[in-house]
Structures are given as structure tokens and as C-alpha cells.
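For reference, the chains in residue letters:
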Amino acid sequence: MPVAVGPYGQAQPSCVDRVKMGFMMGFAVGMAAGAMFGTFSCLRIGMRGRELMGGVGKTMMQSGGTFGTFMAIGMGIRC
């Protein structure tokens, strides 16, 4: 397939690049949501100090990975 060229001569990103970009955007949004929800839920059950930081970090990584995966799948479908 020929590479599509934009109006100023630059090439469009490939499908793999779009999937990676979708994962990174989803990961960032998921990390932000995980920070908010993780902090609230850990404080609610009484975590403090190092335990709180570990719980929030774990929640951030889980939600970032999950949302990033779904965004990558969505971008892959759009290719």
C-alpha cells in the first residue's frame, strides 16, 4: 500500500504507531483515574504511610494497564 501524504508532505503514522499511541494515551488516563480512585479507596479502609503508597501505586498500574489495553484495541480496530 502506498503511504498517504498529508497536506504539507509529512507521512501519516503507521497502524502500529497508532496502536502504541492509543496505549500510551489510555495508560496516562488510566493512571490519573487510578490515582484518584485508589487514594480514596485506600484512605477509606484506613491505610497510611508506606502501605497507602503501595496500594495507590498498585491501583494506578492496574487501571492504567487495563484502560491502555482497551484504547490500544480500539485504535487497532480503527486502522
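Only a predicted model underlies this, so the values are computations on that prediction, with no experimental measurement involved.

Our focus in this paragraph is the UniProt feature "transmembrane region" (unreviewed entry) in the chain. Per the UniProt entry, the sites bearing "transmembrane region" (unreviewed entry) are residues 23–43 in this numbering. End-to-end, the C-alpha atoms of residues 23–43 are 29 Å apart, and along that stretch the chain is 100% helix and 0% strand.

The terminal C-alpha atoms of helix 1 (residues 15–44), which comprises 30 residues, lie 42 Å apart, in line with the 44 Å expected from a rise of 1.5 Å per residue. Among the residues of helix 1, Gly22, Gly26, Gly30, Gly34, Gly38 and Cys42 are the ones counted as buried. Next to the buried residues of helix 1 lie helix 2 (49–78).

This part takes up the packing of helix 1 against helix 2. The N-to-C vectors of helix 1 and helix 2 enclose an angle of 150°; their axes lie 5 Å apart at closest approach. The pairing of helix 1 with helix 2 is recorded here as roughly antiparallel in orientation. In this structure, the crossing between helix 1 and helix 2 has a hand that is right-handed. When its residues are assigned to classes, the contact of helix 1 with helix 2 shows 18 nonpolar, 14 polar and 1 charged.

It is worth spelling out the state of the cysteines at this point. Under the defined criterion, the tally for this structure stands at 1 disulfide. Two residues, Cys15 and Cys79, share a disulfide whose sulfurs are 2.3 Å apart. Residues Cys15 and Cys79 are joined through a disulfide that is right-handed, its torsion about the S-S bond being 115°. Separated by 64 residues along the polypeptide, Cys15 in helix 1 and Cys79 in the segment after helix 2 bring together distant segments of the chain. Judged by its relative accessible area of 36%, Cys15 is partly exposed.

Parameters and conventions
- Residues numbered from 1 in each chain as written.
- Predicted model: local features only at pLDDT ≥ 70, side-chain atom pairs only at ≥ 80, totals over all residues.
- Heavy atoms only, no water.
- UniProt positions renumbered as here; feature names shortened; annotations may be inferred.
- Helix = DSSP H or I, 4+ residues; strand = E, 2+ residues; numbered from the N terminus.
- Expected span 1.5 Å × (residues − 1).
- Buried < 20%, exposed > 50% of the residue type's maximum accessible area, 1.4 Å probe, protein only.
- Contact = heavy atoms within 4.5 Å.
- Axes fitted to C-alpha atoms, helices over the stretch in contact; angles between N-to-C directions.
- Parallel < 35°, antiparallel > 145°, perpendicular 65-115°, else oblique.
- Left-handed = near helix turned anticlockwise from the far one by under 90°.
- Nonpolar A, V, L, I, M, F, W, Y, C, P; charged D, E, K, R; others polar.
- Disulfide = S-S within 2.5 Å.

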